[in-house]
Amino acid sequence: MRAQAGASSFRRVTTLEALMAQARAHLQAVQQDTADPTLSARRAAARRRGAARPAGAAGSRPGASAGGGGDRPAYNLQFATTTDPARVIVGVQATNRGSDQGLTTPMLDEVERRTGRRPAELLIDGGYTAHDAIDRATAQGTTCYAPLPTPRAGDTRDPHAPRADDSAAVAGWRRRMATDEAKAIYRQRAAAAETVNADAKRHRGLDCFAVRGHPKVQGSAALFALTYNILRLITLTS
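Residues numbered from 1 in each chain as written. Predicted model: local features only at pLDDT ≥ 70, side-chain atom pairs only at ≥ 80, totals over all residues. Heavy atoms only, no water.

Q: Where do I start with the overall build of the chain in this structure?
A: Counting secondary structure elements, the chain contains eight helices and four strands. Ordered by position from the N terminus, the helices and strands of the chain form the series α-α-β-β-α-β-α-β-α-α-α-α. In the chain, buried positions account for 33% of the 238 residues. Across the chain, the fraction of contacts at a sequence separation of at least 24, relative to all contacts at a separation of at least 6, is 59%. Surface summary for the chain: the accessible area is close to 14300 Å², and the carbon and sulfur share equals 52%. (Helix = DSSP H or I, 4+ residues; strand = E, 2+ residues; numbered from the N terminus. Buried < 20%, exposed > 50% of the residue type's maximum accessible area, 1.4 Å probe, protein only. Contact = heavy atoms within 4.5 Å. Areas by Shrake-Rupley, 256 points an atom, 1.4 Å probe, with all protein chains shown as cover.)

Okay, structure coming up:
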């Protein structure tokens, strides 16, 4: 989701490194000038203050999201939702990572922290299927259901057949997703996850954050989850 920042404020790492190099060169020139006895103490101090201003931390800006036709300042908002009739949000995370790879593990930890229990099953889309995440989830008692990657052009191997370098957990995931039972279980994901995402963007204003900074973004996401869950409670008890 869009961050509260203009696109003109967004810079890539290579650009920041180039600006830092310019700042260092400028600082070196100023330091050389201060060694000139003809410069007054006031002028030397002013130049040193000016040289310090360009230095900035690359981590102070939100991360990139490949939406809207290109990179932009944005946050990657994640919700974990139950698939039972309650269909409530049990996990909330906001990151500045443009990719979902690797986010399964921290979300499982988040769900356990908030609910006191670890999910027995987890339904995730193909963007989350990092092998190490499947390994860790399986080792901690969570069974993952996720679609297998589309084979590359010319790859005639059965995607459900284990590979030579697969761990036991990854091989089990491949075989599991070939079954009708697993496919039926995975179909529950759309009704649970996508409805929450749609509600956040279309009805709660979370297509663009109105606050700046990760702590406030995380708080906005948590407030949405609280509101959503209260509305679900009203719906279920009315």
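Q: Please clarify how the pairing of strand β2 (residues 89-95) should be interpreted in this entry.
A: Looking down a regular strand, the side chains alternate between one sheet face and the other. Taking burial as the measure, the seven residues of β2 include seven buried ones, the bulk of the element. With six bridges connecting them, strand β1 (residues 76-81) and β2 associate as antiparallel partners. Bridged to Gln78 within β2 is Gln93. (Pairing = 2+ DSSP bridges.)

Q: So what exactly am I meant to see when it comes to helix α5 (residues 168-176) here?
A: Owing to its 3.6 residues per turn, the α-helix aligns residues three or four sequence positions apart on the same side. Ala169, Val170, Ala171, Gly172, Trp173 and Arg174 are the residues of α5 that are buried. Tucked inside the fold, the buried residues of α5 contact α4 (131-139) and β4 (143-145).

Q: Is there a simple way to explain the confidence of the model for the chain in this structure?
A: As a note on interpretation, predicted positions should not be read in detail where pLDDT is low. Looking at the chain, the pLDDT average stands at 81 and 78% of residues meet or exceed 70. For the chain, per-element mean pLDDT is lowest for helix α2 (residues 41-52), which scores 58, and highest for α5, which scores 96. (pLDDT = per-residue confidence, 0-100.)

Q: When you look at the nonpolar core in this model, what are you seeing that I'm missing?
A: Side chains of nonpolar character tend, in soluble globular proteins, to be buried together. Of all hydrophobic cores here, the largest spans 19 residues; its most connected members are Leu123, Ile124, Ile134, Tyr145, Trp173, Met177 and Tyr186. When contributions to this core are tallied by element, the ones reaching two or more residues are β3 (121-123), α4, β4, α5 and α6 (180-186). Contacts of Ile124, omitting those with residues within four sequence positions, involve Thr104, Tyr145, Ala146, Pro147, Tyr186 and Arg189. (Core = buried A, V, L, I, M, F, W, Y, C linked by side-chain atoms within 4.5 Å.)

Q: Is there a simple way to think about the packing of aromatic side chains in this case?
A: Within a pair of aromatic rings, the relevant descriptors are the distance that separates the centres and the angle that separates the planes. In the structure shown here, the tally under the stated rule is three aromatic pairs. Ring centres of Tyr75 and Phe209 lie 6.0 Å apart, and the angle between their planes is 90°; on these two criteria the pair is classed as edge-to-face. Here Tyr75 is found in the loop between α2 and β1, whereas its partner Phe209 is found in the loop between α7 (188-202) and α8 (214-237), with 134 residues between them in sequence. Neither Tyr75 nor Phe209 differs from the other in exposure class; each is buried. With a centroid separation of 5.9 Å and 45° between ring planes, the pair formed by Phe224 and Tyr228 is classed as tilted. Separated by four residues within a single helix, Phe224 and Tyr228 lie in helix α8, roughly one turn from each other. What makes Phe224 buried here is its relative accessible area of 5%. In this structure Tyr228 comes out as buried when scored by relative accessible area, which is 9%. Each member of the aromatic cluster is reached from another via a ring pair, and the members are Phe79, Phe224 and Tyr228. Over the face of the ring belonging to Tyr145 we find Arg176, whose NZ or CZ atom lies 5.5 Å from the ring centre. (Phe/Tyr/Trp six-rings, centres within 6.5 Å; stacked < 30°, edge-to-face > 60°. Lys NZ or Arg CZ within 6 Å of the ring centre and 35° of its normal.)

Q: What exactly am I supposed to notice about unusual backbone geometry here?
A: It is generally the case that most residues other than glycine have a negative phi and that most peptide bonds are trans. Here Arg87, not a glycine, exhibits a phi torsion of approximately 50°, which is positive. In this fold, Arg87 is placed in the loop between β1 and β2.

Q: So what exactly am I meant to see when it comes to the side chain of Thr104 here?
A: For Thr104, the position within the fold is in helix α3 (residues 104-115). Taking relative accessible area as the criterion, Thr104 reaches 4% and is therefore assigned buried.

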